[in-house]
Every structure is written in C-alpha cells, then in structure tokens.
Amino acid sequence: MASNQRNTSKPRFAHRRGPARQPGQQGGESLPPGEGWIWGRHAVLAALANPRRTPLSLHLTRNAATELTEEARARITPQVEEPGQISARLPDTAVHQGFALKAKALDPESVQAVTDANHGLLVVLDQITDPHNVGAIFRSAAAFGARALVMQDRKSPPVFGTVCKSAVGCAETVSHVHVTNIANTLEAFREAGRFVIGLAGEAETALAPAVEQGIAQMGRAPGLVIVLGAEDKGLRPRVADHCDVLARIPMGPKAESLNVSNAAAIALYEASRHDPRINPSES
C-alpha cells in the first residue's frame, strides 16, 4: 500500500461518542473472568436460545417471565424479582426491560475456521472498543450475511452487557474470532484468496468500485473482508498497509463523518448486493 493511501488522517466515519464505557465497570455484581451479564429482552431470549451459551442464573420480572419459552425453562429456572432487584445486580447504565442473565462467555471460533475464501464475508474490527458500536456491527453483520467478526483479543469489549444489548440478539448468531495481530491476520486472509477492503475517509477509491474490484479478482462476493478502524483514529498504518485497497464512503458536505457502526452497515450492504445468498437477483 502506498504511503499516501494510509489512513493517517481522521476518517470521515470517525466515532463521536467519546471514551468507551466498558460493561460492568459501574455498579452491579463483580463476576469472575469468563462470566458476565446479558440484559434486555431480545438479548436474553436470544442467549437462552443459543446452545453455545451456558446460562448460570436468570432474573426476570413477573411480566418478563411470561415470555419465557418451555425450551428456555428447561435450560434454567428463572428467579422472579422486582425491577429494582434486577437493577442492583447490573451496571448503573443497564436498561434491562425486566430481563437479566448471568452466563458463561461464548467461545470464539478459531481464525482457521474462517480463513477460507468460500466461508463467507468477514468484518475485521481494528481496535474498536465502544460496546455500543461493536453490538451494532454484530447486528449489521447478521442482517447482511457476514460469516464472523474478527477482533483483536486485547482491544475489544467482551461479548456481554452493552454489546449484546446493542446487537439485539445478533451476538448469539454471528460468530466472533479473537486474534493477536490484525495485520498478520489480514495477510493470512489475502494468502487464502480473500480480498481485503479497508475503510478510510481520505481514500481515493470509492466503496462500490472497491467491492467490484474484489469480486472481479476473486470471482465471488463471499470472500470479501471489510476492515473498520478505531472510533477516533481509524485504521492503524500497518493494518492499512495489509489491505488490498482502501475505500471511502462518498458523502455530501453537510456531515463531517459517520459513526463507525453506520459505516459498517453501508459497507456490508454494498457487499451484500453482490452476494446471491442475500440478493438472488444479482446471481
């Protein structure tokens, strides 16, 4: 990647929320590593429906308990509590809607399980730490047929709490992969025949032609990899260097930037337009 194509300036889809809030930091019960809280109706019901998620304790209001399926009751017996009792178990910012589940962490998939270009579209998060954004990206990934989210193991929020609430259940249906080095992982994807597109606001190539370039090179859409940079700094230079192309989302002058989760949704939609599993008319 030429040096003048690196993502060294603030991306136009830069995150605007400010410092990331980690779930479980303020208030609530302290849990051991590998355990966490999931709250909110959709998130809890999806977690209970996910056989890969191990429930530890379930806390519901009386009204919420009426929505529990027999299959969920067979997995775990709920404790019916007042809303304030549930709130006391959770971080101060949690909006639980009468649903709270203590559970084991989901086991991430191995990178080898998703490397092959025939295994589907991948989304790579380069040090995106805000759990609201990660959860929203899970939701878009599910909507547009992504195989998995790939995240750096030391720079990503746990798949609990705010991530699951923002994902509206989709963190249970889209796999995630933890890797030590994003740049090296992208190189392995390229060697396996994948085409890697990094989103960068200052890139010369627009998103649509970048997607078409990748499809022309691979002969199929599912092998694409979309790489998204951190909310404030965008892609790190070495990560940008390991992309096949950097691409921008064309924007009008009335908005300075997009939130990174919005940028992810647009990029995933553009890729899905060429995926016959999502858009059969393009097959």
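This text goes with the structure placed above it.
What you see is a predicted model; the values in this text were computed from it and never measured.

Conventions we followed
Residues numbered from 1 in each chain as written. Predicted model: local features only at pLDDT ≥ 70, side-chain atom pairs only at ≥ 80, totals over all residues. Heavy atoms only, no water. Pairing = 2+ DSSP bridges. Helix = DSSP H or I, 4+ residues; strand = E, 2+ residues; numbered from the N terminus. Axes fitted to C-alpha atoms, helices over the stretch in contact; angles between N-to-C directions. Contact = heavy atoms within 4.5 Å. Salt bridge = Lys/Arg side-chain N within 4 Å of Asp/Glu carboxyl O. Buried < 20%, exposed > 50% of the residue type's maximum accessible area, 1.4 Å probe, protein only. Polar contact = N/O pair within 3.5 Å; in protein donor to acceptor, adjacent residues only side chain to side chain.

Enquirer: Tell me what's going on with the sheet that holds strand β3 (residues 78-80), and back it up with residues and numbers.
Expert: A sheet is described by the order of its strands in space; here four strands give the open sequence β1-β4-β2-β3, paired in mixed fashion. Two strands close off the open sheet at either side, each with one partner strand: β1 (35-39) and β3. In this sheet, adjacent strand axes meet at a mean angle of 20° when their direction is disregarded. Pairing between strand β2 (residues 55-60) and strand β4 (residues 99-104): five bridges, direction antiparallel. If you follow H59 over to β4, its bridge partner there is A100.

Enquirer: I'd like a rundown of the sheet that holds strand β6 (residues 148-152), residues and numbers included.
Expert: Read across the sheet, seven strands follow the order β7-β6-β5-β10-β8-β11-β9 without closing on themselves; strand pairing throughout is parallel. The sheet terminates laterally at β7 (175-179) and β9 (205-206), the two strands that pair on one side only. Of the strand pairs in this sheet, strand β8 (residues 195-199) and strand β11 (residues 245-248) are connected by three bridges, and their pairing is parallel. Directly across from I197, in β11, lies its bridge partner V245. Most of the contacts of helix α5 (residues 131-143) go to β6, to which it runs at about 155°, and overall it touches β5 (122-126), β6, β7 and β10 (224-229). Contacts from helix α10 (residues 260-272) reach β5, β8 and β10, with the element oriented near 165° to β10.

Enquirer: Tell me about the pattern of salt bridges, and please be specific about residues and values.
Expert: One pass over the structure, following the stated rule, counts nine salt bridges. In this structure, E172 and R53 form a salt bridge, with 2.9 Å as the shortest nitrogen-oxygen distance. Of this pair, E172 sits in the loop between α6 (161-167) and β7 while R53 is found in the loop between α1 (41-49) and β2, placing the two residues 119 residues apart along the sequence. Side by side, E172 and R53 carry an identical accessibility label, which is buried. For R190, the salt bridge is made with D244, and the minimal N-O distance between the two is 3.1 Å. Of this pair, R190 sits in helix α7 (residues 182-191) while D244 sits in the loop between α9 (237-241) and β11; the two residues are 54 residues apart in sequence, bridging distant segments of the chain.

Enquirer: Report on the side chain of H96, specifying residues and quantitative values.
Expert: Tracing the backbone through its elements, the reader meets H96 in the loop between α4 (83-89) and β4. At 2.8 Å, the side chain of H96 forms a polar contact with the backbone nitrogen of G98. With sequence-adjacent residues up to four places away left out, H96 is seen in contact with W39, G40, R41, P83, I86, S87 and L90.

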